[in-house]
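Structural features, examined
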Amino acid sequence: MSRFALWSRRRFLQATAVSIPVATALSGAEGFAAPAKGSDAAALQARIAGTVVVKGDDGYETWREAMIWQRTKADRRPDMIVQVERVEDVQEAVRFAAANGMKVTTRCGGHSMAACFLRDRGMLIDVSRLDGIAVDKAAKVATVGPGVFSRGLAERLAEDDLAFPGAHCGTVPISGFLLGGGVGLNTNAWSQGMSVFAVKAVDIVTADGRLLRASETENRDLFWAARGGGPGLFGVVVRFHLQCFDAPKVIWGASYTFAYGELDAVTRVMDTVVPRLDKDVEVLFAVAAAPDVAEDAPVEQRQRIYLDINAFVASEAEGRRKLAPLLGDPLIARAIDRIENRAGNFDRYYSDNEASFPQGYWMGDDAWIDRPMEAVEILKRHIPNCPAPRGTPLLLYMGTNRMPDAACSRIGRFYLAYYMEWDEPAQEAASRAYCLKLFKELKSVSSGSYINEMDQEGRPEDIRDCYSPEAWARLARLRRQWDPKGVFHGFYGQS
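Residues numbered from 1 in each chain as written. Predicted model: local features only at pLDDT ≥ 70, side-chain atom pairs only at ≥ 80, totals over all residues. Heavy atoms only, no water.

All right, on to empty space enclosed by the protein then. For the coordinates displayed, the defined rule picks out five cavities of 30 Å³ or more. Its volume calculated, the largest cavity comes out at about 700 Å³. Lining the largest cavity are 41 residues, with Ser 112, Ser 175, Gly 176, Phe 177 and Asn 452 positioned closest to its centre. Looking at the lining of the largest cavity, the elements that each hand over two or more residues are α1 (9-13), β3 (104-107), α6 (174-179) and β10 (236-243). Split into classes, the residues belonging to the lining of the largest cavity amount to 23 nonpolar, 14 polar and four charged. Computed from the structure, the second largest cavity encloses a volume of approximately 80 Å³. Forming the walls of the second largest cavity are Gly 184, Asn 186, Thr 187, Asn 188, Val 274, Lys 279, Val 281, Glu 282, Val 283, Leu 396, Tyr 397 and Met 398. (1 Å grid on protein atoms, 1.4 Å probe; cavity = no way out; pocket = protein on both sides within 12 Å on 5 of 7 lines; lining within 4 Å. Points joined across faces, edges and corners; volume = space filled by probe spheres on them. Helix = DSSP H or I, 4+ residues; strand = E, 2+ residues; numbered from the N terminus. Nonpolar A, V, L, I, M, F, W, Y, C, P; charged D, E, K, R; others polar.)

For the rest of this paragraph, the subject is the sheet that holds β10. Read from one edge of the open sheet, five strands run β5-β6-β10-β8-β9, paired in antiparallel fashion. Looking along the sheet, the strands with just one partner apiece sit at the ends: β5 (133-136) and β9 (211-215). Each strand of the sheet is rotated relative to its neighbour by a mean of 15 degrees, with strand direction disregarded. Where strand β8 (residues 199-205) meets β9, five bridges bridge the pair, whose relative direction is antiparallel. By the bridge assignment for β9, Asp 203 is matched with Arg 213. Contacts between helix α4 (residues 87-99) and the sheet are confined to β8, β9 and β10, with β10 contributing the most and set at about 140 degrees to the helix. The sheet contacts of helix α5 (residues 150-158) involve β5, β6 (141-144) and β10, and relative to β5 the element is tilted by about 35 degrees. (Pairing = 2+ DSSP bridges. Axes fitted to C-alpha atoms, helices over the stretch in contact; angles between N-to-C directions. Contact = heavy atoms within 4.5 Å.)

For the rest of this paragraph, the subject is the pattern of salt bridges. Under the defined criterion, the tally for this structure stands at 46 salt bridges. Of the charged contacts, one joins Arg 381 and Glu 441 as a salt bridge, the two residues approaching to 2.3 Å between their closest N and O atoms. Here Glu 441 lies in helix α15 (residues 428-442) and Arg 381 lies in helix α14 (residues 372-382), a separation of 60 residues in the sequence. Classification of Glu 441 by relative accessible area gives partly exposed; the value is 25%. Arg 390 is the salt-bridge partner of Asp 423, the closest N and O atoms lying 2.5 Å from each other. (Salt bridge = Lys/Arg side-chain N within 4 Å of Asp/Glu carboxyl O. Buried < 20%, exposed > 50% of the residue type's maximum accessible area, 1.4 Å probe, protein only.)

What follows is about helix α11 (residues 316-327). For α11, the set of buried residues is Glu 318, Gly 319, Lys 322, Leu 323 and Leu 326. Viewed along the axis of α11, the buried residues span an arc of 115 degrees, placing them on a single side of the element. In this structure, α11 carries Ala 317 and Arg 321 as exposed residues pointing more than 90 degrees from its buried face. On its buried face, α11 is in contact with β12 (250-259), α9 (263-272), β13 (281-289), β14 (303-313) and α12 (330-333). (Arc of directions from axis to C-beta.)

Non-glycine residue Asp 161 carries a positive phi angle of around 55 degrees. Looking at the element boundaries, Asp 161 is found in the loop between α5 and β7 (162-163). A residue is classified by how much of its surface remains accessible, and Asp 161, at 46% relative accessible area, is partly exposed. Even without being a glycine, Asn 186 presents a positive backbone phi close to 55 degrees. Along the chain, Asn 186 falls in the loop between α6 and α7 (187-190).

Shown next, in the form of structure tokens:
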């Protein structure tokens, strides 16, 4: 059986499990230099429990590279990196930046494909060590630090038979994932299409160093912005208050592999059959090279389609019933490889994507799609020309939920993403050029992009299309209100 038979969206992201560099012990490492005595940085270091690293320190470059999860290291260097240990550290760091005219960005897991948190000059605040979890089982609410990984959250919630729509990849921290909206697990059923809509409140440090609670009843404008403002948010979220859900007793699923020539047929099923399934059935497909076919073979021989189905249900019987309308489609009989009747749980779900997978150089881009057949026609013209050794488009059904009023304001029936991985730095330019050309063409059939995975470096002018025009304008107004002195960086390419 093909090793790709278990393919799903998470399969492409599992490289993060191999190498997630976190600068947790560098302050005691050989070559590390504390801020110079008498310097402003030394004064900040004396006031916090965390670590201050200044550009020019012997260990600076090691810290800078550790901020980025993958091997593609953006060539941008902040003046100072502050890794915090406490909420109070965040407040001190923001006040220091404001007093010294330093613009601030925030980093947690460094999982941004574009490393948009890394800017030239200013201060980078690393909140990865704020990773506490407290659960109120009766209220089904979890209070969670930004550094908590999606898998860790799932494991803790499972102790109380609860669940949350975290990232598909277990090694993604919840912070940036939620702040950008969150294309997460079972969101069609649990959280109105995007994970951030299951956030009940946040605790946020504002540009003047205050710690505020933001929710539907407190600081409502801040709450509106935190639910989707992503890398353009003008504050540092230090705690999330999450609405949780009854955990499924089983994640019942199946995986099917099809010849590349079935791409139209698979897309048609996604467009017409999948929307008739219950909301707690998640379906996606990916196109990727078969492992046993030569790289120079024609695309029809080299590529395969991997369809993955998961139902978050109370029993095996319920899972069988909910998958039946899709598995009864004539397309399924034409699969060239299959795994059926798969009984899983969150541990298995995340273990699949944390299996060994080579770490490489990555980039990605995405689009919200309502008309998948038209989008796939464009993909078919480009896939044969992909220069990256591993280039993988993916289509995930998102549903037709009505979104609450929040900065997260753009979505489509489908999420189309394209992940590209290469082995040598020299392969980067061609891969980026290819991806940019493809997504510029896809704009004609898309309704915008998902901020967390779009190519913000290549398409900074399109970042505004991650939001509705009204939300984009409101974010700008709220930035002027809450950050009048411009302490926080704006979206990439704008400040």
